[in-house]
Amino acid sequence: MSTTGQEAAAADGELERLRAEVRELRARARVRPLISQAQGVLQERYALQDAESAFALMQRASQRYNVKLRTLAEMVVTAPRPEARDAPWFPGRVRGPEPDLTFTRAHRSGSGSRGAVLKAVLGSTLTVVGTDMGNVQLTDRARGGLNIEEHTGLTADFVDFFAHVGEDGTACAQAARDLAQVTVRDVESDPVFTEPARRAILAAGSRGCHSVPLTTASGLCVGMVSAHVDRPLSGLTAAQTKALDTLGGEAGRWLAWHDRTVVLDALEHLHALGRARRGARLRRS
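Quick summary incoming for the structure in this document. (Residues numbered from 1 in each chain as written. Predicted model: local features only at pLDDT ≥ 70, side-chain atom pairs only at ≥ 80, totals over all residues. Heavy atoms only, no water.)

**Re the pairing of strand β1 (residues 133–139)**
Counted residue by residue, β1 has 6 buried out of 7 residues, so it is predominantly covered. Where β1 lies against strand β2 (residues 146–152), 6 bridges are found, and the strand directions are antiparallel. From the neighbouring strand, Thr139 faces β2, where its bridge partner is Leu146. Remark: 6 residues form the turn of the hairpin made by β1 and β2, two consecutive strands paired antiparallel; Gly144 in that turn has positive phi of roughly 80°. (Buried < 20%, exposed > 50% of the residue type's maximum accessible area, 1.4 Å probe, protein only. Helix = DSSP H or I, 4+ residues; strand = E, 2+ residues; numbered from the N terminus. Pairing = 2+ DSSP bridges.)

And the structure:
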């Protein structure tokens, strides 16, 4: 390689390094305000000596129940306060049976299986659609909209751009709003997208996509799985649509159970720790 070629390669490498650094900074900025808000709530509730102690409290519950720190923080800031300091956070809570899933057995591996279930949701969807690009999003309790939780085959820039989407401007937002599957036959011309979203999807090599809401038994959207293809999408068959409807319903019911059971168990553990260590200084592990 010539000197000029080496210099160009070095410049390209430095540019990509800087772009990755910016993506990482944006990812931290998206989560930090939520974590800080939850720390403030816990510090006040349990008279903890500092914000670090509140973080340590969430970290211990997160690790014990294998629940993401962001998920716990969302629940801390959105769930009703405990009615009494020395009482359970969720008194009278009924523990329902874990729903079965026909597309995977990962949910039987224990309380920390949400990530495995989401991977299975994505893999099964991509198999039905016949592609290797896609992502799973879950609803954001604190801000509304959807957050990417799992993805495969998509560029880092795509994941960064769509890390959180609001209530319009994308196919997944429309599917969440309408509680119905949405097929985008041609990304380049479909009016569902804002222009920045369209450019980001095309840059990732997607020319068509299909979004499936993950819904509870009561019809609440708790997430979304989307498949992307590298060509205009001619549409899905009735059998494909039916299979994805079944998958979306099963996954949505399981996620609702996980929130009512495993996530609330983690919050109850956090609450018990907070009461026991009231006024103390804790350190993260």
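Past the structure itself, the notes keep going.
**Some thoughts on the sheet that holds strand β4 (residues 182–184)**
Hydrogen bonds between backbone groups are what pair the strands of a sheet, and the pairing can be parallel or antiparallel. Reading across the sheet, the 6 strands line up as β3-β2-β1-β6-β5-β4 and stay open at both edges, with antiparallel pairing between neighbours. Pairing within the sheet leaves two strands with one partner each, and these edge strands are β3 (164–165) and β4. The sheet contact formed by β4 and strand β5 (residues 208–215) spans 3 bridges and is antiparallel. By the bridge assignment for β5, Val182 is matched with Ser211.

**Focus on the packing of helix α2 (residues 51–65) against helix α3 (residues 69–78)**
Between two packed helices, the angle of one axis relative to the other and the distance separating the axes together describe the packing. Following both chains from N to C, one finds α2 and α3 inclined at 120°, their axes separated by 9 Å at the closest point. By the angle class used here, α2 and α3 are oblique. Along this stretch, α2 crosses α3, giving a crossing that reads as right-handed. Of α3, the residues touching α2 (which contributes Phe55, Met58, Gln59, Ala61 and Ser62) are Leu69, Leu72 and Ala73. For the contact of α2 with α3, the class distribution of residues is 6 nonpolar, 2 polar and no charged. (Axes fitted to C-alpha atoms, helices over the stretch in contact; angles between N-to-C directions. Parallel < 35°, antiparallel > 145°, perpendicular 65-115°, else oblique. Left-handed = near helix turned anticlockwise from the far one by under 90°. Contact = heavy atoms within 4.5 Å. Nonpolar A, V, L, I, M, F, W, Y, C, P; charged D, E, K, R; others polar.)

**What to know about the packing of aromatic side chains**
Across all of its chains, the model carries 4 aromatic pairs by this definition. On the numbers, 4.7 Å between centres and 45° between planes, the contact of Phe158 with Phe162 is tilted. By the burial criterion, Phe158 is buried, and Phe162 matches it. The aromatic ring of Trp89 is capped on one face by Arg45, whose charged end is 5.0 Å from the ring centroid. (Phe/Tyr/Trp six-rings, centres within 6.5 Å; stacked < 30°, edge-to-face > 60°. Lys NZ or Arg CZ within 6 Å of the ring centre and 35° of its normal.)

**Re the packing of α3 against helix α8 (residues 238–276)**
One can describe the packing of α3 onto α8 by two numbers: an axis separation of 11 Å at closest approach and a directional angle of 75°. Taken together, the axis directions place α3 and α8 in an arrangement best described as roughly perpendicular. Here Thr71, Leu72, Met75 and Val76 of α3 come into contact with α8, specifically with Val263, Leu264, Ala266 and Leu267. Its residues assigned to classes, the contact of α3 with α8 shows 7 nonpolar, 1 polar and no charged.

**Topic: unusual backbone geometry**
Positive phi outside glycine occurs at Asn66, with the angle close to 55°. Following the sequence through the fold, Asn66 ends up in the loop between α2 and α3. Phi is positive for Leu179, close to 55°, though the residue is something other than glycine. Taking the relative accessible area as the measure of exposure, Leu179 reaches 40% and is therefore partly exposed.

**Regarding helix α4 (residues 114–129)**
Between the first and last C-alpha of α4 there are 23 Å, a value that for 16 residues agrees with the 22 Å anticipated at 1.5 Å per step. Among the residues of α4, those classed as buried are Arg114, Val117, Leu118, Ala120, Val121, Leu122, Ser124, Thr125, Leu126 and Val129. Of the surrounding secondary structure, the elements contacted by the buried residues of α4 are α3, β1, β2, β5, β6 (221–229) and α8. Taken from the residues just after α4, Gly130 is the one with a positive phi, measuring 85°. (Expected span 1.5 Å × (residues − 1).)

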